[in-house]
Amino acid sequence: MQFAIFGTGRVFYRYWPHLDREQVVCLIDNDTNKIGGAIDGVEIISPDELKRFRYDGVLILSVQYPQMKKQLMELGIPEDVIYHHGEIGNLLRRDIRIYKSGQEYSLEQWLDGNQKKRRIFLLSHEMTYTGAPIALLNMAKVLRDMGCAVVYAGMIGGALVHELTESGLEYIDDWGFVCPRQQKEALRKFGMAVICTYGLKMCVREYSDLQIPILWWLHEAENHYKNGAGLSGLGKNVHVYCGGERARRIFESYHKGLAAQVLQYCVPREEEAASLGLGHLSEKIRIALVGMICKRKAQGVLLRAVSALPAEYQEQIEVLIVGSVLKMEQSYWDEQQLLLRRLKNIKVMGEMPQKELARIYQGMDVLVCPSKDDPMPIVVTQAMMYGKACIISENVGQAEFIRQGENGFVFQDEIQLTELLKWLVDNREKLSDMGGHAREIYEQNFSERAMEEKLRLFMKENVWI
């Protein structure tokens with residue numbers, strides 16, 4: 001299979017590491033600054049030069065798919081050889097390969113080895129160290145401990161495969177590159193599927209005619225639902241669950257004919273976290289903000305709140321910002337640099353694996369989450385598990401569990417956040433008790449035990465027990 005790729009922007013770089021360069025005859029772009037160049041030795045041409053190449057298909061890797069498809073068709077490219085990146089499986093048609101601890105298996109080999117176990121298929125839109133993929137990973141561990149044979153699949157691979165390998169979980173890192181017909185044939189051999197995130201609604205619709213229950217597990221913020229029409233074709237085998245009341249309200253507001261239930265994710269218990277207390281605090285109060293750097297996560301809100309503190313308060317805190325910058329959000333982060341240069345007590349770090357992130361939680365005193373829209377960020381729950389006080393915006397899902405001043409704080413704007421930062425300095429001796437009450441939120445709602453109870457109930461009603 002030989003194909004050309006149209007588009008060399010953000011979507012392209014998401015897929016490029018996972019493609020076989022030998023299959024790519026050329027790259028196409030409309031940007032005159034890119035034409036004539038190359039990426040990893042593959043030539044970049046203009047669309048009208050495509051006629052000098054032989055290929056089986058043209059894969060469009062861009063959010064501008066409709067316009068780019070029209071452009072190709074106007075150049076005489078047949079519609080049936082033009083593929084959206086969501087159709088990459090129809091173009092590449094890869095075989096299903098399952099990996100575990102460095103070993104590779106065919107689907108048939110895996111099925112033979114798990115004949116007597118309950119087979120459950122889990123699907124994530126990607127395999128990154130971000131909220132939804134991590135939540136699904138934690139569910140996989142709970143299901144395995146319940147005696148199920150679990151396969152974790154990602155539409156596209158990513159750094160999370162390292163966690164899966166260390167955990168001894170079976171995984172598929174290129175499910176999106178498998179043709180839909182083969183996907184459905186494989187899923188019929190499982191007793192249940194969990195599909196995580198709203199972005200996979202096309203997969204949910206495609207699998208709606210299968211005779212297995214599908215738990216569609218949603219965690220998204222409201223901006224993901226703007227183009228969410230067309231879910232009326234869902235089958236009776238699809239059961240919608242949301243990771244919290246806020247996520248459920250958002251889903252039902254956009255899909256009024258569909259009802260959803262709540263299934264909170266879990267965070268695996270760290271044994272040392274159960275007894276971890278702040279005890280004697282260091283000279284400065286350590287504040288962490290963890291999450292992808294972008295407008296929605298609103299790192300700038302914390303920076304401005306810290307900047308508004310009197311100098312004597314600023315001197316008593318230190319702030320750690322953990323997370324990578326989304327490429328499309330680089331301009332937002334650039335705008336924050338002036339404040340960062342002025343604030344000497346702030347350190348910025350990149351994306352971290354879970355083991356390294358655990359050390360951040362253990363070493364901090366308070367987590368701040370200023371997000372503008374965040375249904376149930378996993379970083380807040382992880383901080384609660386470690387017995388840390390949390391200060392979160394009213395737009396964060398965990399706000400439904402917060403009793404102001406007892407197990408955390410909820411704020412509405414930067415002014416309130418500044419006042420709460422002052423409170424931390426003036427009342428640092430109260431943080432240990434507050435963190436202990438935050439731990440109770442975790443135990444009651446986000447522990448592995450709480451998730452297992454809910455999953456057993458779902459299976460009793462829809463699968464087997």
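Residues numbered from 1 in each chain as written. Predicted model: local features only at pLDDT ≥ 70, side-chain atom pairs only at ≥ 80, totals over all residues. Heavy atoms only, no water.

By size, the foremost hydrophobic cluster in this structure holds 66 residues, and its most contacted members are M139, L143 and W217. For this core, the element with the most residues is helix α5 (residues 131-145), which contributes 9 residues. (Core = buried A, V, L, I, M, F, W, Y, C linked by side-chain atoms within 4.5 Å. Buried < 20%, exposed > 50% of the residue type's maximum accessible area, 1.4 Å probe, protein only. Helix = DSSP H or I, 4+ residues; strand = E, 2+ residues; numbered from the N terminus.)

What follows covers the packing of helix α16 (residues 378-385) against helix α18 (residues 431-445). It is the contact of α16 with α18, at a shortest axis distance of 7 Å, that shows an interaxial angle of 115 degrees. Viewed along their axes, α16 and α18 form a crossing whose handedness is left-handed. Facing T381, M384 and M385 of α16, the residues of α18 in contact are A438, R439, I441 and Y442. Here the residues of the contact of α16 with α18 are counted per class, giving 5 nonpolar, 1 polar and 1 charged. (Axes fitted to C-alpha atoms, helices over the stretch in contact; angles between N-to-C directions. Left-handed = near helix turned anticlockwise from the far one by under 90°. Contact = heavy atoms within 4.5 Å. Nonpolar A, V, L, I, M, F, W, Y, C, P; charged D, E, K, R; others polar.)

Turning next to the confidence of the model for the protein. When pLDDT is averaged along the protein, the result is 91; 96% of the residues meet or exceed 70. Within the model, pLDDT remains below 50 along residues 273-281, and this stretch shows 17 contacts once partners closer than five positions in the same chain are excluded. (pLDDT = per-residue confidence, 0-100.)

To continue, consider the pairing of strand β5 (residues 57-60). Here β5 shows two buried faces, one formed by G57 and L59 and the other by V58 and I60. Bridge count for strand β1 (residues 3-6) against β5 is 4 bridges, and the pairing is parallel. Bridge pairing in β5 places A4 opposite V58. Note: β5 against strand β6 (residues 82-84), 3 bridges, orientation parallel. The residue of β6 that forms the bridge with I60 is H84. Once the chain exits β5 it traverses helix α2 (residues 65-74) before rejoining the sheet at β6, and the crossover so formed is right-handed. (Pairing = 2+ DSSP bridges. Right-handed = clockwise from strand over helix to strand, strands pointing away.)

This paragraph deals with the layout of surface pockets. By volume, the second largest pocket amounts to about 420 Å³. For the second largest pocket, the lining is made up of 22 residues, of which K141, E163, P268, E270 and Q354 are closest to its centre. Put simply, the parts of the chain that give the lining of the second largest pocket at least two residues each are α5, α6 (161-167), α15 (354-363) and α16. Ranked by residue count, the leading element in the lining of the second largest pocket is α5, at 6 residues. Grouping the amino acids of the lining of the second largest pocket by side-chain chemistry returns 9 nonpolar, 4 polar and 9 charged. (1 Å grid on protein atoms, 1.4 Å probe; cavity = no way out; pocket = protein on both sides within 12 Å on 5 of 7 lines; lining within 4 Å. Points joined across faces, edges and corners; volume = space filled by probe spheres on them.)

A separate point is α15. Turning to α15, its buried residues number three or more, namely Q354, L357, A358, I360 and Y361. Seen from one end, α15 has its buried residues packed into an arc of 160 degrees, which puts them on one side. Exposed and oriented more than 90 degrees from the buried face of α15 are K355 and R359. (Arc of directions from axis to C-beta.)

Structurally, A399 is set in the loop between β20 (389-393) and β21 (409-411). Its relative accessible area of 21% is what places A399 among the partly exposed residues. When the C-alpha positions of A399 and V410 are compared, they lie 6.4 Å apart, and in sequence the two are 11 residues distant. Residues within four places of A399 in sequence aside, it is in contact with I392, S393, E394 and V410.

Before going further, it helps to examine the side chain of K69. Examined against the element boundaries, K69 turns out to sit in helix α2. For K69, a relative accessible area of 17% translates into the label buried. Of the polar contacts made by the side chain of K69, one reaches the side chain of E79; its length is 2.8 Å. Once residues lying within four places of it in the same chain are set aside, the contact partners of K69 are I60, E79 and I82. (Polar contact = N/O pair within 3.5 Å; in protein donor to acceptor, adjacent residues only side chain to side chain.)

This part takes up the environment of L421. With respect to the helices and strands, the residue L421 is situated in helix α17 (residues 414-426). Taking the relative accessible area as the measure of exposure, L421 reaches 0% and is therefore buried. Along the sequence, L421 and R403 sit 18 residues apart, while their C-alpha atoms lie 17 Å from each other. L421 has contacts with I287, L302, A305, V306 and L309, leaving out every residue within four places of it along the chain.

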